[in-house]
Every structure is written in C-alpha cells, then in structure tokens.
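Geometric and topological summary
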Amino acid sequence: MTAVWNAPPPLAGLVRAAGRHRVLAVCLPDLRLPEFAASATPCETERRFLERWPQQSACVQFAAPNILHGLLPGCALWLMPPVCAARLHEHFSDGLQWQTEPVPQTAAAPQKPWYRPSENAGGKPPQHVAVVGAGIAGAATAYALAVRGVRVTVLEAAAAAHAASGNRQGLLYAKISAHDTAQTELLLGGYGHSRRLLDALLPERENWQPCGLLHLNHNPAEARRNAGLAMQTHHSHLYRGVSVHEAGKIAGIDVYSDGLYWPQGAWLHPPALVRALLAHPNITLHEHTPLLAAQWQDGAWRLQTPAHSFSAAHIVYCTGADSPRLPALSDLPWQLIRGQTGLAAATAYTGRLKTALSAACYISPAWQGLHCYGASFTPHDSGSGWREADEEHNRRELLRLHPQLAAELAASPAGAGHAAVRCDSPDHLPCVGRLADYAAMKRLYAKLAHDKNYPLHDSCPYLPNAWVNAAHGSRALATAPWCAEQLAAEILGLPQPFSRRLREALHPNRHIVRAIVRSHEAGQGVSPFGK
C-alpha cells in the first residue's frame, strides 16, 4: 500500500515510513514547495535527503505528480499538487494507508468503454518486453521497464538516435499555455522528469548544460502568453518574466526583447541521452534490425527480422516517423513533419552567449566550438536529406531572432546540420497507451457515427499486450521519457503518473472514436483520416 499524508510531514516521519513502504505520497495543501528540516539528532538518511533535496525539488510543479527518486532508500516520494489530492484513486490502485486525516476523495465517473483497461489488465508482470525503435521514446521506454527489473529487447531499423533523436543540440523546456490543459499537465510533468533524468544519468554534464532558456516575446501573441505565465507566481522557480535589461544580463549579450526565462532549461545532445538510457544491463539493443512482422502466437509476440526471430510477452512500438507503415499502427492518423537544423562555428562574439534563445527559431550556446540553430518545420514532408532551401529559411529566422548573431554566424558555416522527419498527431498530443484491433473497434462502436452519445458498454477489443509511445513531434525531450514512465506503470501494474484526464487525452483510441463520430459528416465510404 501507498503511505499518504495530507500535508508535508516532518522529515523523520518520511524516513520511518520509507522502511515500510515503497511509495510515499505527500499531498501539497497549497501551491508552495514543501520545506523539510532535520530532526534534533539527524540520521544518515535525513542528511542524504537534505543534501539531494535542492536538486531534486528544483523542477517541482503543480500541474501533475512529482515523482522523486533517490531521496529515500528503496522508495519513491510522490509530491501531489492540490489538483491531484482529491483524486488519488486515479494514480494509486493498491490502496492508501493514510498517516494523517484523509483528504476527501471525489467519486470516479464511469469511463467510456474505449478507454477502460482491457479485461486481462493487471495480470502477471512480464519478464521480457520487446521495444521497437531506439530513439528517445524507445530508449526511455526500455529504461523505464529495465530499472523495474524487466528484460528488454530493443529492435532498431537503423542506428540508435539516428532519425529525429539525432539532432546535435536540442532544448529542454516546456512551451506551455497559462491554462490548465492536458498539454500543460503533460509538458510540466515531463519537463521536471526529464531534467531530473539528465542529472541522474549524465552527471558529468559533458553532453548537456543547464544553461537556462530565454523565450523571447517575438510577436504580440507570444507576449500575451508569456505575460500570463509570468503571473503564475507559484511557478516562479520554473519560469518568470524578465525585462530587456535582465534578459541581456542572463544571455551575456543584448537580446533586444523581454520574455520568459526558464532557469532550469537546458540544451543537450540527444544521442548521449539515448545511449545512457540504453546502457542499462537489462537492455539488449539490436541495431540495423528492422521489424518485418509481428504475430501473436501461443501467448507471446513472435517478431521476425531479416536475420533473427524474437519472442516477447509484450511489444511496445516507439517507431516515430516509421509508424504509418506498421500494420498495428496504420489506422492511426500520423502526421509527418520534416525538420532541419544548422551548424556554425562560434566566434568571439557568439561565444559570449550563455543561455539558449528561443522565438520562432532557436539557437543554443556553443558546444565544442559550434552553435546549433533552427529548426525548420515542413508538414507532410517525409524527406530526410539536407536541403539548402531549409538552411536559408533557418538563417532568415535567425536574423529575425538576433541580427548580430546571424551576421557573425553567416561568416562561419560549419557544414550541413541535421535533417529528419518528426512524427506528430492531429491534436499535437502523443499517442501513448494500449493498442486496439482497430478494424474490430470500428465495427463495435459504429453506432457513434449516427449518434455520438449512443449508450455503448462493450469493452474495447484490445490487441494482446501491444502498446505505443509515439507522436511526440518536436517536444520529445520533455514528453517521451515521462510517457515512458506511464507506459511502464500500466504494463507492470504500478502507481500511474498520469491523471485519468491525461491518460484519455493521449490514448490512441481517441483518434478512432473521433473518426467514427465524424464519419457521418465526411460521407459514406469516405475515411475521415483522408486515406
């Protein structure tokens, strides 16, 4: 059972409970970071907790659970913001053991049948899982399972971090709205998780830097959005509004704009994170091993590749831009978006840039003598080769972002940057969850085409033990590892990081149901997916 408090307890109380529980949940009664202090005679566990607390708590947010590892031996500390405190049943199914007066819980509303877990959910946890794809999503999914004792086989058609995860320098921050949306919940929860993951897996910081990020007010819409966020003082440790003068001091050069500053923001070399995730001893990576066929047979997935066959209890597709061509995923409405970044050698002036700058494009501080900038955004384009036209586009956007940086870097080209195809979805939210038999699902829920409120009760015809973590678009650094945590929790029957709202917002079945509802308007025989 999960030990739960209605407010932050004394640190000694947490330490005592950690000896009896693997999960501790602390409900935060208000939008403030908890404060912990050592007892009069602190033990070694208390001292270690307090040493690690500043780093672990730096990205605590109030939109989703904050799951902190390494503070207490053998146990995870969940900090539950007020929005979660009355809905703990959405996260913990193993029962709650209140250490204080309970927080009254709201009753759970009935779930739509296409979002209900399958009837065989909660069975025996698998010992072996196959993950298809070794980009950020695949590597993070493999890692989330591996650290929980699962043996994972990763099949990668090319090389790890080859495609959209192969950019030289990506940025970690959360471009959110000031409103309580599912996307804001996802991005804030994911931002904190990824930031802590970097500290844990790459502590030497050779391939990333917590340089902070300035998102500039480059048009009236961005100025309004950033102003709304700057008013959220409970998140001032995560992001705050800055003046033109303060922005220049932070950046190390004049930036000619006010904006929103993310002090814990970072640039990172995504392939380094992928390699660190895949280095876990429970993970076996097979590169240049494309999946040719997957068949459920005798209680396991039989996976065929050009040279070998594999067997696993579960299969997780983390296939990015390859998703549309896979039979299990082809009914979902994937959107492919081409992106390209550029590289230029640092100069004496550009080397003064101390933080990442973002507006309609971005530029990172120099790393190993080079700046990375971009990125282009071309929907419905599956070309992954480098293009001069996209380089010219990125140079123009850089000129709009910062004329002097652009002029300096125009005289110091450093060869082609990175081009790849991102995978997105129509609502710009990832697809994360269990996969259904979509042909059977369309037949089962066909009446929704004539009446979207038709009372249906039949549970969804899910594929056995098949899952997806894809469509992260340009936000994968913040979203993919967090979604991997949720997927691992579902597969293994553990406490779930996502609220019910977020699980349903990301569930792949949402696309099928929407398509059925819209099919009447689209016309008989016309697919709402445009296929």
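In this text the structure is predicted, and so the values were computed from the model without any measurement.

So, on to the overall build of the protein. If you tally the helices and strands in the protein, you get 14 helices and 26 strands. Taken against the 2.2 N^0.38 rule, which gives 24 Å for 531 residues, the C-alpha radius of gyration of the protein at 24 Å falls within 12% of a compact globule. If you line up the protein on its principal axes, its C-alpha atoms span 70 × 65 × 45 Å. Taken across its 531 residues, the protein has 55% of its residues classed as buried. Within the protein, contacts between residues separated by at least 24 positions form 72% of all contacts whose residues are at least 6 apart in sequence. Total accessible area on the protein is roughly 22,200 Å²; 52% of this is exposed by carbon and sulfur atoms.

As a further point, take the domain arrangement of the protein. It is common to give the size of an interface as the accessible area that goes away when the parts come together. As assigned here, the protein comprises domain 1 (2–109), domain 2 (123–163 + 272–334 + 427–438 + 463–499) and domain 3 (206–268 + 338–422). Taken residue by residue, the interface counts eight residues in domain 1 and six residues in domain 2. The junction of domain 1 with domain 2 conceals about 650 Å² of combined surface from both sides, 60% of it contributed by carbon and sulfur atoms. At the boundary of domain 1 and domain 2, one finds zero salt bridges. Scanning the region where domain 1 abuts domain 2 turns up one residue pair in polar contact (both at pLDDT 80 or more). Across the side of domain 1 that touches domain 2, the residue classes break down as five nonpolar, one polar and two charged.

Further remarks concern the nonpolar core. Formed by 88 residues in total, the largest nonpolar core has its most connected members in Val-152, Trp-262 and Leu-506. By residue number, the principal contributor to this core is helix 12 (residues 476–492), which donates eleven residues. Residue contacts for Leu-506: discarding those within four places in its chain leaves Leu-186, Leu-429, Pro-430, Cys-431, Val-432, Cys-483 and Phe-498. Grouped together as the second largest cluster of nonpolar side chains are 39 residues, Leu-332, Cys-423, Met-441 and Ile-516 included.

So, about the environment of His-69. Along the chain, His-69 falls in strand 3 (residues 66–72). For the pair His-69 and Gln-56, spaced 13 residues apart in sequence, the C-alpha to C-alpha distance is 8.2 Å.

Let us now look at helix 12. If you check helix 12, its first and last C-alpha atoms are 23 Å apart, about what 17 residues at 1.5 Å a residue would give, namely 24 Å. Most of helix 12 is tucked away: 16 of the 17 residues are buried. Two residues or fewer after helix 12 comes Gly-493, characterised by a positive phi angle close to 70°.

As a further point, take the sheet that holds strand 15 (residues 293–297). Pairing within the open sheet is antiparallel, and its three strands lie in the order 15-16-17. Here the strands that pair on one side only, and so sit at the sheet edges, are strand 15 and strand 17 (309–312). Neighbour-to-neighbour, the strand axes of this sheet turn through a mean angle of 25°, independent of strand direction. Two strands pair when backbone bridges link them, and strand 16 (residues 300–304) and strand 17 are joined in this way by four bridges, in the antiparallel orientation. Paired with Arg-302 across the bridge in strand 17 is Ser-311.

As enumerated under the stated definition, the model contains twelve aromatic pairs in all. Plain terms: the ring middles of Phe-36 and Trp-53 are 5.1 Å apart, the flat faces sit at 90° to each other, and that makes the pair edge-to-face. In this pair, Phe-36 sits in the loop between strand 2 (23–27) and helix 2 (44–57) while Trp-53 sits in helix 2, placing the two residues 17 residues apart along the sequence. Relative to Trp-262, the ring of Tyr-191 has its centre 5.2 Å away and its plane inclined at 80°; by these criteria the two rings are edge-to-face. One end of the pair, Tyr-191, is in helix 5 (residues 182–201); the other, Trp-262, is in strand 12 (residues 259–262), with 71 residues separating them in the sequence. Exposure remark for Trp-262: the relative accessible area of 1% places this residue in the buried category. Ring-pair connections join several aromatic residues into one group, and the members of that group are Tyr-173, Tyr-191, Tyr-239 and Trp-262. Stacked on the ring of Tyr-462, the Lys or Arg Arg-434 has its end atom at 5.8 Å from the ring centre.

Let's shift gears to the packing of helix 5 against helix 12. With their axes 7 Å apart at the nearest point, helix 5 and helix 12 run at an angle of 90° to one another. Classified by the angle between their axes, helix 5 and helix 12 sit roughly perpendicular to one another. When helix 5 is examined against helix 12, the residues Leu-186, Leu-187, Gly-189, Gly-190, Tyr-191, His-193, Ser-194 and Leu-197 are found in contact with a partner set consisting of Leu-477, Ala-478, Thr-479, Pro-481, Trp-482, Cys-483 and Glu-485. Here the residues of the contact of helix 5 with helix 12 are counted per class, giving nine nonpolar, five polar and one charged.

Each value, and the rule that gives it
Residues numbered from 1 in each chain as written. Predicted model: local features only at pLDDT ≥ 70, side-chain atom pairs only at ≥ 80, totals over all residues. Heavy atoms only, no water. Helix = DSSP H or I, 4+ residues; strand = E, 2+ residues; numbered from the N terminus. Rg over C-alpha atoms; globule rule 2.2 N^0.38 Å. Buried < 20%, exposed > 50% of the residue type's maximum accessible area, 1.4 Å probe, protein only. Contact = heavy atoms within 4.5 Å. Areas by Shrake-Rupley, 256 points an atom, 1.4 Å probe, with all protein chains shown as cover. Domains from an automatic or database assignment. Buried area = accessible area lost by both parts, 1.4 Å probe. Salt bridge = Lys/Arg side-chain N within 4 Å of Asp/Glu carboxyl O. Polar contact = N/O pair within 3.5 Å; in protein donor to acceptor, adjacent residues only side chain to side chain. Nonpolar A, V, L, I, M, F, W, Y, C, P; charged D, E, K, R; others polar. Core = buried A, V, L, I, M, F, W, Y, C linked by side-chain atoms within 4.5 Å. Expected span 1.5 Å × (residues − 1). Pairing = 2+ DSSP bridges. Axes fitted to C-alpha atoms, helices over the stretch in contact; angles between N-to-C directions. Phe/Tyr/Trp six-rings, centres within 6.5 Å; stacked < 30°, edge-to-face > 60°. Lys NZ or Arg CZ within 6 Å of the ring centre and 35° of its normal. Parallel < 35°, antiparallel > 145°, perpendicular 65-115°, else oblique.

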